[in-house]
Amino acid sequence: MPHVITNIEDLRVLARKRVPRMFYDYADSGSWTEGTYRANSADFQKIKLRQRVAVNMANRSTRVKMVGQDAAMPVAIAPTGLTGMQHADGEILAARAAEKFGIPFTLSTMSICSLEDIAAHTKAPFWFQLYWMRDRAFMEALMDRAKAAGCSALVLTLDLQVLGQRHKDLKNGMTAPPKPTLANILNLMTKPRWCLGMAGTRRHTFGNLVGHAKNVSDMSSLSAWTKEQFDPQLDWNDVEWIKKRWGGKLILKGIMDAEDARLAANSGADAMVVSNHGGRQLDGAPSAIEALPAIVDAVGSQIEVWMDSGIRSGQDVLKAWALGARGTMIGRSFLYGLGAMGEAGVTKCLEILHKELDVTMAFCGHTQIATVDKSILLPGSF
């Protein structure tokens with residue numbers, strides 16, 4: 001019997017069956033108690049919508065601009081590490097799905113497919129996410145490669161200079177490609193579709209790093225290199241230097257505090273993403289949707305404010321927009337689709353989110369997302 005996919009949870013369940021445990025757990029886990037990870041989604045559910053009736057619901061549009069770039073809805077695909085381990089050539093497949101749907105795609109520094117791979121398989125400009133590392137020459141080279149690949153914006157992630165502990169990754173001994181331990185081999189034997197896909201591609205390790213960064217030739221050296229390279233001394237002077245060196249649109253990801261938001265707005269960046277890294281870094285922090293309103297109040301007139309972390313439906317996108325976010329980014333939602341069904345699964349994810357967003361907007365009495373504000377939300381629920 002074919003799978004009937006009606007929501008993001010259906011994609012998650014299917015991905016869990018098809019993706020090797022260590023890579024599914026890598027995507028679907030948070031740090032320490034996972035309290036913030038769970039709150040990211042749960043807090044959306046507390047926000048209630050006002051249903052309106054007897055209004056003209058025809059000619060609806062969810063189209064917006066994000067840092068000047070047209071988008072079919074206020075959603076971009078977030079940068080996620082090891083995407084190509086959820087499904088063979090995963091970053092290429094997700095980028096193609098995003099391009100066809102008409103939303104931005106962001107490639108992670110820690111991707112399996114490289115900048116050049118994405119540029120070779122898509123025509124739309126995409127975004128590149130940069131992790132700040134000690135090797136400044138390599139940072140400059142990455143930015144130059146992103147420019148050469150046609151990237152239209154740089155996403156600087158600010159909240160991963162020190163790595164949060166994710167218990168499942170430690171217990172699974174997570175590496176890319178997976179180490180041939182008995183437990184891993186037994187698990188892989190239950191994932192023939194995934195194994196067949198991986199056998200058909202040469203992309204099995206970090207494509208942006210291996211062959212480009214100094215002294216990185218295999219996974220054993222790469223693991224040590226990343227621990228040594230992530231620079232804990234990143235500060236606002238570095239952000240300003242990156243903006244000047246890049247010269248194009250700059251998006252700052254990982255803002256969770258109004259004071260940091262003001263500093264971000266003053267840095268010359270074009271947008272910021274209210275994000276707790278999907279609950280993967282500081283456990284015990286508030287959910288991103290809870291943090292959003294105060295940040296919008298602080299800087300929403302100076303800079304585009306977006307949010308990510310916890311979005312599992314088009315209703316979540318609409319609620320974030322109503323609270324002032326002028327864009328959202330999705331990570332796990334598209335990864336579930338990718339792990340479940342490859343490119344078709346990412347497309348299905350985007351179709352689900354768009355339909356939920358469109359229909360909910362209509363029920364709330366609006367035909368244009370640009371006119372939606374917090375008046376669609378029930379007072380006292382946010």
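Described in the following lines is the structure provided in the data block.

**Here we look at the nonpolar core**
- Of all hydrophobic cores here, the largest spans 127 residues; its most connected members are W127, M272 and M307.
- By residue number, the principal contributor to this core is helix α15 (residues 332-363), which donates 12 residues.

**Quick look at unusual backbone geometry**
- Here D89, not a glycine, exhibits a phi torsion of approximately 55 degrees, which is positive.
- Looking at where D89 falls in the secondary structure, it is placed in the loop between β3 (75-77) and α4 (90-101).
- For S309, which is not glycine, the phi dihedral falls at a positive 90 degrees.
- Of note, S309 is situated in the loop between β9 (304-308) and α14 (314-322).
- S309 sits in the buried class, given a relative accessible area of 6%.

**Details of the packing of aromatic side chains**
- Per the counting criterion, the structure on display carries four aromatic pairs.
- Ring centres 5.2 Å apart and planes at 45 degrees place the aromatic pair Y131 and F230 in the tilted group. Highlighted residues: Y131 in the loop between β5 (127-130) and α6 (136-148) and F230 in the loop between α10 (219-229) and α11 (236-246), separated in sequence by 99 residues. The burial state of Y131 is the same as that of F230; both residues are buried.
- Measuring from centroid to centroid gives 5.8 Å for W132 and W241, while their planes differ by 55 degrees, and the two rings are tilted. Placement of the pair is W132 in the loop between β5 and α6 and W241 in helix α11, with a sequence separation of 109 residues.
- When the ring centre of W246 is taken as origin, the NZ or CZ atom of K147, which lies over that ring, is 3.8 Å away.
- If you follow R280 out to its NZ or CZ, it ends over the ring of Y26, 4.7 Å from the centre.

**A closer look at the layout of surface pockets**
- In this structure, the second largest pocket spans a volume of roughly 450 Å³.
- Taken together, 19 residues make up the lining of the second largest pocket; nearest its centre are L158, D159, G254, I255 and D260.
- Where the lining of the second largest pocket is concerned, the elements lending two or more residues are α11 and β7 (249-255).
- A per-class count over the lining of the second largest pocket returns 11 nonpolar, five polar and three charged.

**Side note on a nonpolar patch on the surface**
- On the surface, a cluster of nonpolar side chains totalling about 440 Å² of accessible area is made up of L182, I185, L186 and M189.
- Among the structural elements, M189 can be located in the loop between α8 (182-188) and α9 (192-199).

**A word on the sheet that holds β7**
- Spatially, β3-β10-β9-β8-β7-β6-β5-β4 is the arrangement adopted by the eight strands of the open sheet, whose pairing is parallel. Every other strand in the sheet has two partners, leaving β3 and β4 (106-107) as the edge strands with one partner each.
- Across two bridges, the pairing between β9 and strand β10 (residues 328-330) is parallel. Considered in β10, the bridge of M307 is made with T328.
- Lying on the sheet, helix α12 (residues 258-266) is in contact with β7 and β8 (271-274); it crosses β7 at an angle near 170 degrees.
- Together, β7, β8 and β9 form the strand contacts of helix α13 (residues 288-299), whose direction differs from that of β9 by roughly 175 degrees.

**Some remarks on α10**
- Residues L222, W225, T226 and Q229 constitute the buried set of α10. The buried side chains of α10 occupy one side of the element, clustering within an arc of 95 degrees when seen end-on. Facing away from the buried side of α10 by more than 90 degrees, the exposed set consists of S220, K227 and E228.
- For α10, the elements touching its buried residues are α6.

The rules behind each value
- Numbers given to residues run from 1 along each chain, matching the order in which its sequence is written.
- A pLDDT threshold of at least 70 governs which residues receive local features in this predicted model, and a stricter bar of 80 or more applies before side-chain atom pairs are shown or counted, although totals over entire chains, interfaces and linings include all residues.
- Values reported for side chains reflect all heavy atoms of the structure, with hydrogen atoms and water molecules removed beforehand.
- To qualify as a nonpolar core, a set must consist of buried Ala, Val, Leu, Ile, Met, Phe, Trp, Tyr and Cys residues joined through side-chain atoms within 4.5 Å.
- Here the term buried applies to any residue with accessible area under 20% of the maximum for its type, exposed to any over 50%, and partly exposed to those in between, with areas from a 1.4 Å probe on protein chains only.
- By definition, any uninterrupted DSSP run of H or I lasting at least four residues is a helix, any uninterrupted run of E lasting at least two residues is a strand, and each is numbered from the N terminus.
- Ring pairs are drawn from Phe, Tyr and Trp, using the six-membered ring of Trp, whenever the two centres fall within 6.5 Å, and their geometry is named by plane angle: stacked under 30 degrees, edge-to-face over 60, tilted for the rest.
- We call a charge positioned above a ring when the Lys NZ or Arg CZ atom is no farther than 6 Å from the ring centre and deviates by at most 35 degrees from the ring normal.
- In the cavity and pocket records, a cavity denotes points on a 1 Å grid over the protein atoms alone where a 1.4 Å probe fits but cannot get out, a pocket denotes an open set with protein on both sides within 12 Å along at least 5 of 7 lines, and lining residues are residues with an atom within 4 Å of a point.
- Grid points are joined across faces, edges and corners, and a volume is the space filled by probe spheres set on the points.
- Gly falls in the polar group here, along with every residue not listed as nonpolar (Ala, Val, Leu, Ile, Met, Phe, Trp, Tyr, Cys, Pro) or charged (Asp, Glu, Lys, Arg).
- Each patch groups residues whose relative accessible area exceeds 30% and which form no salt bridge, using 9 Å between like charges and 5 Å between nonpolar side chains of Val, Leu, Ile, Met, Phe, Trp and Tyr.
- Using a 1.4 Å probe, the Shrake-Rupley method yields the accessible areas, and only the shown protein chains count as cover for residues.
- A side-chain nitrogen of Lys or Arg and a carboxyl oxygen of Asp or Glu constitute a salt bridge if their distance falls within 4 Å.
- Pairing between two strands is assigned when DSSP locates at least 2 bridges connecting them.
- Here, two residues are considered to be in contact whenever any of their heavy atoms come within 4.5 Å of each other.
- Here the axes come from fitting lines to C-alpha atoms, over the contacting stretch only for helices, and the angles between their N-to-C directions go from 0 to 180 degrees.
- This arc describes the spread of directions from the helix axis toward the C-beta atoms.

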